[in-house]
Structure formats: C-alpha cells, structure tokens
Amino acid sequence: IPPQPYEDARQWAHLIGIIKAGAAGVRSATAPSDHVRIMIHIDCGGDWPVTRWYFDHLEASHVDYDMIGQSYYPNWHGTLDNVRDNLSRTASRYKKDIVVVETSYPWKNADSWGKKKNMAWPISPAGQKKFMADLIETVRQTPDGRGVGVVYWHPESVPGKGPGGRAWNSGAMALFDDKGNALAAVDALAA
C-alpha cells in the first residue's frame, strides 16, 4: 500500500472529481453507437496490492470506466509471473477488459540493461522478440478473455541524425535498429 499522503481523503476527492469529469465529458460527447470505451491506466502491471488499492478507490466512488490499462516494464514492475497474477486478480475482481498499454524491452546495450532487475530475456533482437511473445501470451491467458491487448511504447525511438539526434534510452527500446530497419519483435506483435 502506498505511503501517505496518497491515502489523504482530499487527494482522493480531487482525483476522483477529475476522473469523473473526464468520463462525463466523454459520455456527453459520444453516442452509445460510437462504442467509445473509457480506460483508466496505471503503471503497476506486476503489482496486485497497488492495483487493488487504486481500483478499489475508483469502485467505491462509482467511477465510470470500461477498461483497465497497465504498464509493464520488467525492471520497474516485476516478473512476468507478477503480471500474470495481477491480470488474473484484476480480471476476477473488476470484470473489466485489460490492456497492457505501455511496454518495451531493450534489444541493445546489454552491459547496462543486463544489470537491472527482472531482465529475464536476453538483451538482443531475439530476446526482445521473446519478451514480446511471452508478454502477449500472458495477456491472452487472462481469465474470461479479459486480456485484450498489448501496446508497445515508443517503438520508433531511434537515434536521429545530427547533433540533436537523441532517442529514448539511446534507441535500445525501439522496435527498429539504428538504421530504421524493423527488428524481429515486430513479428511478435502480428501474432
């Protein structure tokens, strides 16, 4: 459970008010025939206690939402077993579809990435593909078909040319090599 001040009633009242206003805006601007779904996204893909803490607050306040979004980066959010457990419990408790809306895994710079926690796959193009295939399969195994998708975060983050040509994590997380060629993990997304 997160420490204070996150349990502060005023903090929750403000957050719930903002989320409810956003949901009301979506509902007022769309018709049911538009099939617009509201997603609440948090960054706790492998953390059931925090996921439960957060969504229990939303449920207690009768927040209008249709889907749950999670982030999953192994070095920050735990193991794939943690994700599997969290998705299973989340699906069972809240009866909402779940998407891992933010994920990535490095294909290069193994010297630095290999020292981080939970980097169970090789730091290579093949390792990145295996990570994606394993994560997609884990999401598909969510009970009652509630795991409905995986979105790769910032796949185009390749170093640009010239002096200002920087990229997120030096391009290690991209789905393209430094020359812009697609890496093998792209194929995992098509499966």
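Structural notes, computed from the coordinates. In this text, all values refer to a predicted model and were calculated from it rather than measured experimentally.

Quick look at the pattern of salt bridges
In step 1: As enumerated under the stated definition, the model contains ten salt bridges in all.
In step 2: Among the salt bridges present, the one from Asp97 reaches Arg37, with a minimum N-O distance of 2.8 Å. With Asp97 in strand β3 (residues 97-103) and Arg37 in the loop between α1 (9-29) and β1 (39-42), the pair connects residues that are 60 residues apart, well separated along the chain.
In step 3: For Asp97, a relative accessible area of 14% puts it in the buried group.

Considerations on helix α4 (residues 80-94)
In step 1: Relative to the 21 Å expected for 15 residues at 1.5 Å per residue, α4 spans 21 Å between its end C-alpha atoms, a close match to the ideal helical length.
In step 2: Leu80, Val83, Asn86, Leu87, Thr90, Ala91 and Tyr94 are the residues of α4 that are buried. Projected down its long axis, α4 carries its buried residues within an arc of 125°, all on one side.
In step 3: Residues of α4 that are buried in the fold lie against α2 (48-60), β2 (67-72), β3 and α6 (125-140).
In step 4: Where α4 starts, the residue carrying a side-chain oxygen 3.3 Å from the main-chain nitrogen of Asp81 turns out to be Thr79.
In step 5: Backbone geometry just after α4 places Lys95 at a positive phi near 55°.

Let's talk about the pairing of β1
In step 1: Here β1 shows a clear split, with Ile40 and Ile42 buried on one side and none of Met39 and His41 buried on the other.
In step 2: Two strands pair when backbone bridges link them, and β1 and β2 are joined in this way by four bridges, in the parallel orientation. Residue pairing across strands places Ile40 opposite Ile68, the latter belonging to β2.
In step 3: Note that the unit made of β1, α2 and β2 has a crossover that is right-handed.

Some details on the packing of aromatic side chains
In step 1: Taken as a whole, this structure holds eleven aromatic pairs when the rule is applied.
In step 2: Look at Tyr73 and Trp76: their rings are 5.4 Å apart centre to centre, the planes differ by 75°, and that puts the pair in the edge-to-face class.
In step 3: Residue classification places Tyr73 among the buried residues on the basis of a relative accessible area of 3%.
In step 4: Given a relative accessible area of 54%, Trp76 falls into the exposed group.
In step 5: Aromatic pair Tyr105 and Trp121: ring centres 5.5 Å apart, planes at 80°, arrangement edge-to-face. Of this pair, Tyr105 sits in the loop between β3 and α5 (110-113) while Trp121 sits in the loop between α5 and α6, and the two are 16 residues apart along the sequence. For the pair formed by Tyr105 and Trp121, the shared burial category is buried.

Cut-offs and rules
Residues take numbers from 1 onward in each chain, read along the sequence in its written order. Only residues with pLDDT of 70 or above have their local features reported here, since the model is predicted, and side-chain atom pairs are shown and tallied only from 80 upward, although totals for entire chains, interfaces and linings are computed over all residues. Excluding hydrogens and water, the side-chain values take into account all heavy atoms of the structure. We define a salt bridge as a side-chain nitrogen of Lys or Arg found within 4 Å of a carboxyl oxygen belonging to Asp or Glu. The helix and strand labels rest on DSSP assignments: H or I over at least four residues marks a helix, E over at least two residues marks a strand, and numbering proceeds from the N terminus. In this scheme, a residue with accessible area under 20% of its type's maximum is buried, one over 50% is exposed, and one in between is partly exposed, where area comes from a 1.4 Å probe on protein chains only. To estimate the expected span of a helix, subtract one from its residue number and multiply by 1.5 Å. Think of the arc as the fan of directions from the helix axis to the C-beta atoms. Two residues qualify as a contact provided that any one of their heavy atoms is within 4.5 Å of a heavy atom in the partner residue. Residues adjacent in sequence count toward polar contacts only when both atoms are side-chain atoms; beyond that, a polar contact is any pair of N or O atoms within 3.5 Å, and within protein one must be able to donate a hydrogen and the other to accept it. When DSSP locates at least two bridges between a pair of strands, those strands are taken to pair. Here a crossover is taken to be right-handed if, once the strands point away from the viewer, the path from the first strand over the helix to the second is traced clockwise. To pair, rings of Phe, Tyr and Trp, with the six-membered ring standing in for Trp, must have centres within 6.5 Å; the planes then decide the type, stacked if under 30 degrees apart, edge-to-face if over 60, and tilted in the middle.

Read these as layout, nothing more, since geometry by itself doesn't imply function.
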